[in-house]
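Each chain is listed here by its residues.
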Amino acid sequence: MPPWLSGRRLWIALGAVALAAIFALAWKVYGVDVLRASLDPRVPFQTYDPPTAPPYAEARAWALLPAAPDKPRYDDPLADVFFIHPTTYDGGDHWNAPFRDGRATRLTREVMLPNYAGPFAKAGRVFAPHYRQASLYAQLTLREDAREARAFAYEDIRDAFRLWKAKYGGQRPFILVGVEQGGLLAARLLAEEIAPDPGLMKRLAAAYLIETVVPADAYGPTRPPPACTQRRQAGCVLAWKSGSAIERGRIRERSLTWGSNGTLVNLAGRAPLCVNPLTGSTTTAPAPAEANLGAANATGLDWGERPPLVARAVEARCEEGMLKVSRPKAASLRPKGGWADKLRMPPYNLFYGDLEADAGARVATLLGIPDIANAAPPITQSINVRSVPTRRID
C-alpha cells in the first residue's frame, strides 16, 4: 500500500470518496428539484407583467424568414414550412421569455434550427417565429401558473401563423412543424386554425409534432386530420414522444393536452399517438437500424448547410403509445451538458434523414408528382423574348 494511503490519510481519502458518492446520488435523485426551485419566477402568473409581444410584421420577430417571403423565387422549394421551435429559455426572471432573449435566441439559432428545422428545408421555405415561449421551469411543474404560461405562448404562435397565412402563404402547400413545447402549440394551432379551414386542409402536406404527447383519439377519420399510416400520404399528422420503459408511466402521468376551452388538462389515461419517424406510420412493428436514413449533429452549422448523416444510427418501435429508441453508438449523438441541457431537446437529431425524406414524399403526394427532388419549380415570373433573325445554312 502506498505510504500516502496509510492510517489517517486512508480514512480521509475513503471519506472523501464516500461523500462525493453521496452528493452524486443526491443530485441524481433531487437535481431536478434543485433546478426547479432555482428557476421559479416566484410571482403568480396572474400578477406577472409579460414581455412585449413580437412585432411579426418586422423581420426581427422571426428566427427564420425567407429573403423574399411574400414573393417566392423560381428556385425556392415547392412548399412553405411553419416551424415552432422547442424550449430554449430556462426561466428565473420570467414565466415567458422575452422574444429576443440573448441566450435563448443563440440556442435557437445554433442548436434547434439546424437540427430540427434543417430536415424540412429541402421541402419548403422555412418560417420560424420568435415567440414568448414558456420557460423550462414551466415544463417542470404542473402548477396552474405554468399551464397559463404555456397557454399564453400560444397567442404569439397564433398571431404569427395568421400573418403568414395572410401575407406570405398565398396558395402554396405547407408543412406544420412543432418540437416539444412547440409541438404542443402546433397541436392547438392545428385544431383551432387549420382543421376548421377547408382551404388550409387542402394545402396541408403534413403536421409534425416532434417529441410531443398528443392523444391518439384526437386524430382520425371522424376528427381530421388523421394520423399518418403510410409515407405516401398527405394531410396527416405525425407525432411521437420517445422514452424508456421506466419513463413511460411518468411521462403519461405528467403530460398535458388541450381541453375544449383552450386550457391544458392532464392526458387522463388517453393513449398517446405514436407515428414511427423511421416508417412514417403508426405500425407497432420494430423498424430496424437499416431503416434509419441518417442521424445528424448539425449544431453550430450555418443555416442551409446540410450536416453529414450517420446512417443506421438507431432502431425504433412504437410501444404502448411511446417511441422506444435504441442507444446510438456515435458519441456525437449522445446527451451532454448539465441538468438544464439534458431536459431540453438534444443538440442532434436521430431522424434527420428520415424527416427530410418524409417531408419531401408528403409534399410530392399532395402535388401529385412522383418525386419532389426532380420536380421543376413553378414559373412565377414572365420575361420578354424578342425575335432574332435567322438564316439558313445549307
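Below you will find a few notes about this structure. If you're wondering where the values come from, they're calculated on a predicted model, not measured in any experiment. (Residues numbered from 1 in each chain as written. Predicted model: local features only at pLDDT ≥ 70, side-chain atom pairs only at ≥ 80, totals over all residues. Heavy atoms only, no water.)

Overview of the overall build of the protein
Regarding its fold elements, the protein presents 9 helices and 10 strands. Looking at the 394 residues of the protein, the share that counts as buried comes to 47%. Put simply, of all contacts in the protein between residues at least 6 apart along the chain, 79% involve residues at least 24 apart. Surface accessibility of the protein: about 19500 Å² in total, with carbon and sulfur atoms responsible for 56%. (Helix = DSSP H or I, 4+ residues; strand = E, 2+ residues; numbered from the N terminus. Buried < 20%, exposed > 50% of the residue type's maximum accessible area, 1.4 Å probe, protein only. Contact = heavy atoms within 4.5 Å. Areas by Shrake-Rupley, 256 points an atom, 1.4 Å probe, with all protein chains shown as cover.)

Some thoughts on the sheet that holds strand S3 (residues 124–129)
With mixed pairing, 6 strands are arranged side by side in an open sheet as S1-S3-S2-S4-S5-S6. In this open sheet, the two edge strands, each paired with only one partner strand, are strand S1 (62–64) and strand S6 (236–240). Neighbouring strand axes in the sheet, compared pairwise and without regard to direction, differ in orientation by 20° on average. Relative to S3, S1 runs antiparallel, the two sharing 2 bridges. Residue Trp62 lies in a different strand from S3, and its bridge partner there is Pro129. Relative to strand S2 (residues 79–84), helix H2 (residues 102–117) is tilted by about 130°, and along the sheet it contacts S1, S2, S3 and strand S4 (174–179). Packed on one face of the sheet, helix H9 (residues 352–367) meets S2, S4, strand S5 (204–210) and S6 and runs near 155° to S5. (Pairing = 2+ DSSP bridges. Axes fitted to C-alpha atoms, helices over the stretch in contact; angles between N-to-C directions.)

Brief notes about the pattern of salt bridges
Per the counting criterion, the structure on display carries 20 salt bridges. A salt bridge links Arg109 to Glu110; the shortest N-O distance between them is 3.5 Å. Take Glu110: its relative accessible area is 29%, and that puts it in the partly exposed class. Note that Asp358 and Arg362 form a salt bridge whose closest N and O atoms lie 2.5 Å from each other. Of the two residues, Asp358 and Arg362 are both situated in helix H9; the distance of 4 residues between them amounts to about one turn of the helix. The burial state of Asp358 is the same as that of Arg362; both residues are buried. Among the charged side chains, a salt-bridge network with shared partners connects Asp40, Arg143 and Asp145. (Salt bridge = Lys/Arg side-chain N within 4 Å of Asp/Glu carboxyl O.)

Some thoughts on the environment of Gly259
Residue placement: Gly259 occurs in the loop between strand S7 (256–258) and strand S8 (264–266). In the structure, Gly259 is positioned 71 residues away from Arg188 in sequence and 9.7 Å away in space, judged by C-alpha atoms.

What to know about the state of the cysteines
Between two cysteines, a covalent bond joining their sulfur atoms is known as a disulfide. A full pass over the atoms with the stated rule returns 2 disulfides. Note that Cys228 is cross-linked by a disulfide to Cys236, the S-S spacing being 2.1 Å. Between Cys228 and Cys236 the disulfide shows an S-S torsion of about 90°. By sign, it is right-handed. On the accessibility criterion, Cys236 (0% relative accessible area) is buried. Between the sulfur atoms of Cys274 and its disulfide partner Cys318 the distance amounts to 2.1 Å. Residues Cys274 and Cys318 share a disulfide whose torsion about the S-S bond is about -80°; that sign makes it left-handed. Of the two residues, Cys274 sits in the loop between S8 and strand S9 (316–319) while Cys318 sits in strand S9, which places them 44 residues apart along the sequence. (Disulfide = S-S within 2.5 Å.)

Description of the packing of aromatic side chains
For the structure on display, the rule yields 15 aromatic pairs. Note on Tyr56 and Trp62: the rings are 5.6 Å apart at their centroids and 65° apart in plane angle, and the pair reads as edge-to-face. What makes Trp62 buried here is its relative accessible area of 5%. One aromatic cluster is present, built from ring pairs that chain together Tyr56, Trp62, Phe127 and Tyr168. (Phe/Tyr/Trp six-rings, centres within 6.5 Å; stacked < 30°, edge-to-face > 60°.)

What to know about helix H4 (residues 144–169)
Residues spaced three or four apart along an α-helix face the same direction, because each turn holds 3.6 residues. The end-to-end C-alpha distance of H4 is 35 Å, a good match for the 38 Å that 26 residues give at a rise of 1.5 Å each. Among the residues trailing H4, Gly170 stands out with phi positive, at a value near 55°. (Expected span 1.5 Å × (residues − 1).)

Considering unusual backbone geometry
Trans is the prevailing form of peptide bonds, just as negative phi is the prevailing case for residues other than glycine. Each neighbour pair has its own omega, and for Pro224 with Pro225 the value is 0°, a cis peptide bond. Within the secondary structure, Pro225 sits in the loop between S5 and S6.

Digging into the pairing of strand S10 (residues 322–325)
Examined bridge by bridge, S9 and S10 share 4 bridges and lie antiparallel to one another. The partner of Ala316 across the bridge, within S10, is Val325. Hairpin connection, S9 to S10: the antiparallel pair is bridged by 2 residues, and Glu320 has positive phi, about 55°.

Purely spatial values, then, with no claim about function.
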